Every structure is written in structure tokens, then in C-alpha cells.
Amino acid sequence: MFELKKLSADALDAAREKASQYRLLNHPFLAESICRDILELNPDDQEALVILCLTLCDLFGVEGGATVRAAMDVVEQLEGDYDRTYYAGIVAERMAFSSLRRGGMAAGQVAYDWFVKAMGHFDDAADILSLIHISEPTRLQ
């Protein structure tokens, strides 16, 4: 059996770009694998964490796909209240759409509950952003 090569620190930028491309080409399992390789080398890589979060959301409802808990575990690793709150909203929103795609008797109600949760997160994120903007106006310019 052969041993997989480890990602080098010099290849992080290219790996992030490749993960994004695979995600956009609807190959989330490949994007997830690349993100996990990046995070093995650099566990605090915020860009890789965001790509991984979005990739896991792409896998909602796919056999062998991710769960909300897996996506939220990634969200909890993000730095900053705004990012954690905003991406928690993204996870909830994507779960709502996944529920609608899956269908079933209660799909509409389940999706509604997820959409309400998402909107709550987005409202909280907007509040955080407005506080940051008021206290540190040059930071967002």
C-alpha cells in the first residue's frame, strides 16, 4: 500500500484555490478532502474553514454527506463573533433548502423552522457588524 503525501506549507494558497474550484464544480467530497489536508497543516486557517463549512453545507441531504453538527463544529472554530454568527446562519439556511429538496410530509414546516433560525443568526450578525462599524469605523473601509 502506498502512503499519501502531506501538503506542504508552500502549497496552501494553491490548495485553497483548488478546494474552491472543486466546490464550485460540484465536487464537494474532493473540496472537503483538500480543506481537511490544509487544516491538518494549519488548523486555524480561516479561509479553509469557511470553504469547508460551505462544502459541508453542499453535502446536506447527500448520501454519506455532512450533518448540521459537522458544519457547526467548523463554524465554532471561526475567529470573531460576526463570522461565527453569519456562518451559523448559512448552515441553517442551507439546511432549510436541503429539507425542501428532500420533501416529505413535514418538509415545509422543517424548512420554515430552519429559515427562522437562519434569519435570527443573520439579524445577530448584522447587529455585530453595526457595533464593529460604530466602534472601529476605519476597520471596514
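Cut-offs applied
- Residues numbered from 1 in each chain as written.
- Predicted model: local features only at pLDDT ≥ 70, side-chain atom pairs only at ≥ 80, totals over all residues.
- Heavy atoms only, no water.
- Helix = DSSP H or I, 4+ residues; strand = E, 2+ residues; numbered from the N terminus.
- Contact = heavy atoms within 4.5 Å.
- pLDDT = per-residue confidence, 0-100.
- Phe/Tyr/Trp six-rings, centres within 6.5 Å; stacked < 30°, edge-to-face > 60°.
- Buried < 20%, exposed > 50% of the residue type's maximum accessible area, 1.4 Å probe, protein only.
- Salt bridge = Lys/Arg side-chain N within 4 Å of Asp/Glu carboxyl O.
- Axes fitted to C-alpha atoms, helices over the stretch in contact; angles between N-to-C directions.
- Parallel < 35°, antiparallel > 145°, perpendicular 65-115°, else oblique.
- Left-handed = near helix turned anticlockwise from the far one by under 90°.
- Nonpolar A, V, L, I, M, F, W, Y, C, P; charged D, E, K, R; others polar.
- Expected span 1.5 Å × (residues − 1).
- Arc of directions from axis to C-beta.

Q: If you had to explain the side chain of Glu 32 to someone new, which residues and values would you point to?
A: Secondary-structure assignment places Glu 32 in helix α2 (residues 28-41). Aside from chain neighbours lying at most four places away, what touches Glu 32 is Leu 52, Thr 55, Leu 56 and Leu 59.

Q: Report on the confidence of the model for the chain, specifying residues and quantitative values.
A: Any residue range with low pLDDT should be treated as having predicted coordinates unsuitable for detailed reading. Mean pLDDT over the chain stands at 90; residues scoring 70 or higher make up 92%. With pLDDT under 50 throughout, residues 137-141 is counted as low confidence; its partners more than four residues away or in other chains account for 5 contacts.

Q: Kindly report on the packing of aromatic side chains, identifying the contributing residues and their values.
A: Across all of its chains, the model carries 4 aromatic pairs by this definition. Both rings, one in Tyr 86 and one in Tyr 87, keep their centres 5.0 Å apart while their planes meet at 85°; by these two values the pair is edge-to-face. Since its relative accessible area comes to 29%, Tyr 86 is described here as partly exposed. Accessibility expressed as a relative area gives 15% for Tyr 87, which makes it buried. When the centroid spacing of 5.1 Å and the interplanar angle of 85° are considered together, the rings of Phe 97 and Phe 115 count as edge-to-face.

Q: Give me the lowdown on the pattern of salt bridges, citing residues and values where you can.
A: One pass over the structure, following the stated rule, counts 8 salt bridges. The residue Arg 69 makes a salt bridge to Asp 73 at a minimum N-O spacing of 2.9 Å. With Arg 69 and Asp 73 both in helix α4 (residues 68-75), this residue pair falls 4 residues apart, about one helical turn. In this structure, the salt-bridge partner of Arg 84 is Asp 81, at a minimum N-O distance of 2.4 Å. Taken as a pair, Arg 84 and Asp 81 lie in helix α5 (residues 81-102) at a separation of 3 residues, close to a single helical turn. In this structure Arg 84 comes out as partly exposed when scored by relative accessible area, which is 29%. For Asp 81, a relative accessible area of 48% corresponds to the partly exposed category. One network of salt bridges, with partners in common, ties together Asp 13, Arg 16 and Asp 45.

Q: Break down the packing of α4 against α5 for me, with residues and values.
A: In contact at an axis separation of 9 Å, α4 and α5 are set at 165° when each is read in the N-to-C sense. By the angle class used here, α4 and α5 are roughly antiparallel. By crossing handedness, the relation of α4 to α5 is classed as right-handed. Residue-level contacts link Val 68, Ala 71, Met 72 and Val 75 of α4 to Arg 84, Tyr 87, Ala 88, Val 91 and Met 95 of α5. For the contact of α4 with α5, a count of residues per class yields 8 nonpolar, no polar and 1 charged.

Q: Please give an account of helix α1 (residues 12-24) that cites residues and values.
A: Over its 13 residues, α1 extends 18 Å from the first C-alpha to the last, a length consistent with the 18 Å expected when each residue adds 1.5 Å. Among the residues of α1, Leu 12, Ala 15, Arg 16, Ala 19 and Arg 23 are the ones counted as buried. One side of α1 carries all its buried residues, which in axial view fall inside an arc of 100°. Away from the buried face of α1 by more than 90 degrees, exposed residues Asp 13, Ala 14 and Leu 24 are located. Of the surrounding elements, those touching the buried residues of α1 are α2, α3 (46-58) and α5.

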